[in-house]
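Residues per chain, in single letters:
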Amino acid sequence: MPTDAVLVTGASGEIGHSLIEALAERGVTIIATDIRPLPPHIARYCSEVLKGDILDPLLHEALLHRRFGQVFHLAAILSSQAEREPERAHQVNVEGTLRLLQTSHRMAKLRGEPIVFLFPSSIAVYGLPSLEAKRCAGRVREDEYLRPMTMYGANKLYCELLGLYYARFYRRLDPDDGAGWLDFRALRFPGLLSAFTLPTGGTSDYAPEMLHAAAQGQPYRCFVRPDTTIPFMAMPDAVRALLLLAEAAPSALQQHVYNVTAFSASAEEIAAETHQLFPNSSITFDPDPRRQAIVDTWPEDLDDSAARRDWGWRPEYPRHRTFQEYLAVNIRRRYQKTYSL
Ligand code: SER
């Protein structure tokens, strides 16, 4: 196994699919883990697939017998699902991350080199106290409104702090550390839109769900109000952001946690874009009070100027290009293929 293998946890999830394809295009050696099996078209890009629970000590022992030099820790339970089973979400999202931080820290020590640990955080770390505050907040900076009101948001925010702890303090406290330490970097993602996969258990899922339903000729009942506005990003931009941050020179990074965004849109605007792509689409609004309450605490827009300044972040898919190019072409192709199978 080459020493620069990349470990991807939660490889079977939404981001995992696209990230693994992008890593494979770069010729990277990939070790993937997930509790679910990997679809064969993704597994074929990986040098090894370890099926297991991120909480299982045996998985961590197995990982320590591999040499990996970079980690993308994608395994998580998303926000709506986390509200349904909060203790389980805490275990997977927090204890799972803690174990992987420990395992990666040990690997860094074994290698005697730093390991870059990429953590996808979320707009869920923010907690706007009211709808009025949400509407007035504008582009929210990394250090504002950090009062998450969901288990998932609290998990993500705490894991950012845990990562910082390993990156800064543990390194200083551990005199044996030498050159092996964790270079922890986190991205706060907005809602993600993929043409190829659907998320499971998220609260921003109404946007991708409405598109994928329309592409299959199915009616869709949107679980949030039409005016609900949050930031979004197309999956290719999300993957590019992860790779750009992973590759940034440590000296360029003035912070460990960065907002990234591409465009903000209301559910009504997403429905209108969907209708333009699929004129026969049928979208109605039937807000679910619990999921609405979650998304009402998330910001309408993010300030991603620190990412632009430190590692050259620029989205390549603004709203128009996301819908008219990326989604229009790929979603149509995807379901045409399904129908013709
Ligand atoms: N998209 C995620 C969710 O809805 C937020 O990070 O849970």
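Residues numbered from 1 in each chain as written. Predicted model: local features only at pLDDT ≥ 70, side-chain atom pairs only at ≥ 80, totals over all residues. Heavy atoms only, no water.

Further remarks concern the environment of Arg168. As for its placement among the helices and strands, Arg168 is situated in helix H7 (residues 151–173). Overall, the relative accessible area of 39% leaves Arg168 in the partly exposed class. When the C-alpha atoms of Arg168 and Phe184 are compared, they prove to be 9.0 Å apart, with 16 residues separating the residues in sequence. (Helix = DSSP H or I, 4+ residues; strand = E, 2+ residues; numbered from the N terminus. Buried < 20%, exposed > 50% of the residue type's maximum accessible area, 1.4 Å probe, protein only.)

A word on the environment of Thr261. By the secondary structure assignment, Thr261 is in the loop between strand S11 (257–259) and strand S12 (263–266). Separated by 42 residues in the primary sequence, Thr261 and Asp303 place their C-alpha atoms 7.9 Å from one another. Every residue in contact with Thr261, bar those within four places of it in the chain, is listed here: Arg139, Pro190, Pro231, Phe232, Met233, Asp301, Leu302, Asp304, Trp313 and Pro315. (Contact = heavy atoms within 4.5 Å.)

Another point: the nonpolar core. Val8, Phe72, Phe189, Tyr206 and Trp311 are the most contacted members of the largest nonpolar core, which totals 112 residues. In terms of residue count, helix H9 (residues 235–247) provides more of this core than any other element does, eight residues in total. (Core = buried A, V, L, I, M, F, W, Y, C linked by side-chain atoms within 4.5 Å.)

This part covers the pairing of strand S10 (residues 229–234). Counting buried positions along S10 gives six out of six residues, so the element sits mostly inside the fold. With three bridges joining them, strand S8 (residues 191–193) and S10 adopt parallel strand pairing. Note on S10: the bridge partner recorded for Leu192 is Met233. (Pairing = 2+ DSSP bridges.)

What follows is about the site of the ligand. The environment of the ligand is formed by Leu78, Ser79, Ser122, Tyr152, Gly202, Thr203, Ser204 and Trp298. One of the side-chain nitrogen or oxygen atoms of Tyr152 is found 3.2 Å away from an oxygen atom of the ligand. In this structure, a nitrogen atom belonging to the ligand sits 2.8 Å away from a side-chain N or O atom of Ser204. Class assignment for the residues of the shell around the ligand results in three nonpolar, five polar and no charged. (Near = heavy atom within 4 Å. Polar contact = N/O pair within 3.5 Å; in protein donor to acceptor, adjacent residues only side chain to side chain. Nonpolar A, V, L, I, M, F, W, Y, C, P; charged D, E, K, R; others polar.)

An α-helical segment advances 3.6 residues per turn. Residues three or four places apart therefore align on the same side. Counting buried positions along helix H8 (residues 206–215) yields nine of 10 residues, so the element is predominantly enclosed. Within H8, the full set of buried residues consists of Tyr206, Ala207, Pro208, Met210, Leu211, His212, Ala213, Ala214 and Ala215. Taken from the residues just after H8, Gly217 is the one with a positive phi, measuring 75°.

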